[in-house]
Amino acid sequence: PSPLQFPRPQMRIVNDEIRLLTYLPPSSNPRVMKEARALAEAGFQVTVVTSALPGSGRIPMEEPDFCRIEHIGWRVPSMARWRHRLVKRFAPLWPLELRSQVASYGSLFVDLVSAVSCEAQAMPFVAHLEPALLAAGASGRLGQICCDFEDWYSQDLLPGRRSAGLTAKLTEIEAKALSQAPRCWCPAESMAADLAAAYNVQAPLVIRNVFPRRQRESIDGRWLDRPFMSRQASTNVPAAVRPQGAPVSIHWVSQTIGPGRGLEDVFSALQG
């Protein structure tokens, strides 16, 4: 039968607590922090649980006042990186169904599995990014954990991390999560439609990667990136006509610029 025919379980929330699970430092994962703030403003107690290695956050960030940050796997911070490398090195000794995940993510994945498995079964989690999704699958709790598909993980792995084993495992866990998790969401309608078609499931909810409207309203309205536009329009009116000959501007919003991020497609299209 189609997965669409199976009823989804309900996520149980106890004491208004929700935990967001990620392997990146919070300063490098803005979608997690925006979600944490939104949940906190809705009245929930939010904890961001991360297996990020000490010192891996290159963007400074003050301790947030709307949620708690819980670093896992830091029993001895000075040894955390050595432990991570050792776990990856001995990945071939792990059970076959976990080998590709351990080889790719080392202690980052192992600690996430431990965090999900050791928590009370009623504790609600939201899994962000592929190691957290894989950890949810390894814990056997996909039916209790919501999943935020920030990317189509099995299709969007960076070149240095792609392997047949990891891609196959991600494809398997994605299919299970999209049909079994209480709720799933992703950042774009096109992605939601493609996931639904690929896995024959109900399309996940779309929550876009956008910033608060109040930040948009604070912009001064000048078209600084387009010559002569400031003379034509005093505000950023979408209907304003771009002067003939003025260059087209493209804003690429990302914390990472490099191979496999989609820029190749943009450059190829611009040449046409």
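Residues numbered from 1 in each chain as written. Predicted model: local features only at pLDDT ≥ 70, side-chain atom pairs only at ≥ 80, totals over all residues. Heavy atoms only, no water.

Peer 1: Now, about the overall build of the protein: what can you tell me, with residues and values included?
Peer 2: In terms of helices and strands, the protein carries ten helices and seven strands. Counting only residues that meet the buried cut, the protein has 40% of its 272 residues in that class. Contacts in the protein between residues at least 24 apart in sequence constitute 58% of all its contacts with a sequence separation of at least 6. With the model as given, the accessible surface of the protein reaches about 15800 Å², and the carbon-plus-sulfur share is 55%. (Helix = DSSP H or I, 4+ residues; strand = E, 2+ residues; numbered from the N terminus. Buried < 20%, exposed > 50% of the residue type's maximum accessible area, 1.4 Å probe, protein only. Contact = heavy atoms within 4.5 Å. Areas by Shrake-Rupley, 256 points an atom, 1.4 Å probe, with all protein chains shown as cover.)

Peer 1: Just give me the short version of the nonpolar core, but keep the residues and values in it.
Peer 2: Core analysis: the largest hydrophobic core is formed by 46 residues, its most contacted members being Phe 109, Leu 133, Cys 147 and Phe 149. Those elements giving two or more residues to this core turn out to be helix H2 (80–89), helix H3 (96–118), strand S4 (125–128), helix H4 (129–139), strand S5 (145–148), helix H6 (164–180), strand S6 (184–186) and helix H7 (189–199). With ten residues, the top contributor of residues to this core is H3. Setting aside residues up to four positions removed in sequence, Phe 149 forms contacts with Leu 133, Glu 174, Ala 177, Leu 178, Cys 184, Trp 185, Cys 186, Pro 187, Met 191 and Leu 195. Among the nonpolar cores identified, the runner-up in size contains 14 residues, and Met 33, Cys 67, Val 126 and Cys 146 belong to it. (Core = buried A, V, L, I, M, F, W, Y, C linked by side-chain atoms within 4.5 Å.)

Peer 1: Now, about the side chain of Asp 111: what can you tell me, with residues and values included?
Peer 2: Of note, Asp 111 is situated in helix H3. Judged by relative accessible area, which is 6%, Asp 111 ranks as buried. Excluding residues that lie within four positions of it along the chain, Asp 111 makes contacts with Ser 51, Ile 72, Gly 73, Arg 75 and Arg 83.

Peer 1: Just give me the short version of the sheet that holds strand S3 (residues 68–71), but keep the residues and values in it.
Peer 2: Sheets are built from strands paired through backbone hydrogen bonds, the pairs being either parallel or antiparallel. With parallel pairing, the seven strands of this open sheet are ordered in space as S3-S2-S1-S4-S5-S6-S7. Unpaired on one side and paired on the other, S3 and strand S7 (205–206) mark the two borders of the sheet. Sheet topology note: the strand S2 (residues 45–50)/S3 ladder contains four bridges and is parallel. Bridge pairing in S3 places Val 49 opposite Glu 70. Contacting strand S1 (17–22), S4 and S5, H4 runs over the sheet at an angle of about 130° to S4. (Pairing = 2+ DSSP bridges. Axes fitted to C-alpha atoms, helices over the stretch in contact; angles between N-to-C directions.)

Peer 1: I'd love a proper account of the pairing of S1, names of residues and values included.
Peer 2: For S1, the tally of buried residues reaches five of six residues, placing the bulk of the element in the interior. Both S1 and S2 contribute to a ladder of six bridges, which runs parallel. Its bridge partner lying in S2, Leu 21 is registered against Val 49. One crossover worth recording links S1 to the parallel S2 by way of helix H1 (residues 30–41), and it is right-handed. In this structure, S1 lies alongside S4, joined through three bridges in parallel fashion. Following the sheet pairing, Arg 19 is matched in S4 by Phe 125. (Right-handed = clockwise from strand over helix to strand, strands pointing away.)

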